[in-house]
Amino acid sequence: MGLFSRKSNPEPARNEAMVELGRDYAIARRHRDTKAMNRIMRQIGADKDATDLSDFRAGQEAYDSIPPIPRGRNRRK
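### Regarding the side chain of Gln60
Here's step 1: You can see Gln60 is positioned in helix H3 (residues 50-64).
Here's step 2: Ignoring anything within four residues of it in the chain, the contact list for Gln60 reads Gly22, Arg23, Tyr25, Ala26 and Arg29.

Okay, structure coming up:
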């Protein structure tokens, strides 16, 4: 057990397609695009796996951690 050990715990393999779907779902939810949300959920419903769902959630959380841009008020009358 050395001070500068090169051994590290390898990160579990991520399913990048599921991460991307999670990101797309979070974007659709933020923009209230129910059509896209339902399409993504149908796509995921066919292949539900515990690791795939965790990757899906990771993609959602990655996008949700970005705060929304505050919109200015509509001052036209």
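From this point, the discussion proceeds with the structure in view.
### Re H3
Here's step 1: When the terminal C-alpha atoms of H3 are compared, their 21 Å separation across 15 residues agrees well with the 21 Å that a helix rising 1.5 Å per residue should span.
Here's step 2: Those residues of H3 that fall on the buried side of the exposure criterion are Asp52, Asp55, Phe56, Gly59, Gln60 and Tyr63. The arc that holds the buried residues of H3, viewed along the axis, is 140°, so those residues lie on one side. What points out from H3, more than 90 degrees from its buried face, is the exposed set Ala50 and Glu61.
Here's step 3: Contact partners of the buried residues in H3: helix H1 (16-30) and helix H2 (34-45).

### A closer look at the nonpolar core
Here's step 1: Counting residues in hydrophobic clusters, the biggest one holds nine residues: Met18, Leu21, Tyr25, Ala28, Ala36, Met37, Ile40, Ile44 and Phe56.
Here's step 2: Listed by contribution, the elements that provide at least two residues to this core are H1 and H2.

Criteria and cut-off values
Starting from 1, residues in each chain are numbered consecutively following that chain's sequence as written. A pLDDT threshold of at least 70 governs which residues receive local features in this predicted model, and a stricter bar of 80 or more applies before side-chain atom pairs are shown or counted, although totals over entire chains, interfaces and linings include all residues. In computing side-chain values, all of the structure's heavy atoms are included and hydrogens and water are not. To qualify as a helix, a DSSP run of H or I must reach at least 4 residues; to qualify as a strand, a run of E must reach at least 2; elements of each kind are numbered from the N terminus. Any two residues having at least one pair of non-hydrogen atoms within 4.5 Å are treated as being in contact. To estimate how far a helix should reach, multiply one less than its number of residues by 1.5 Å. Exposure categories follow from relative accessible area, calculated using a 1.4 Å probe and restricted to protein chains: below 20% of the type maximum is buried, above 50% is exposed, and the middle band is partly exposed. Taken from the helix axis, the directions to the C-beta atoms give the arc we talk about. The set of buried Ala, Val, Leu, Ile, Met, Phe, Trp, Tyr and Cys residues whose side-chain atoms join them within 4.5 Å is what this entry labels a nonpolar core.

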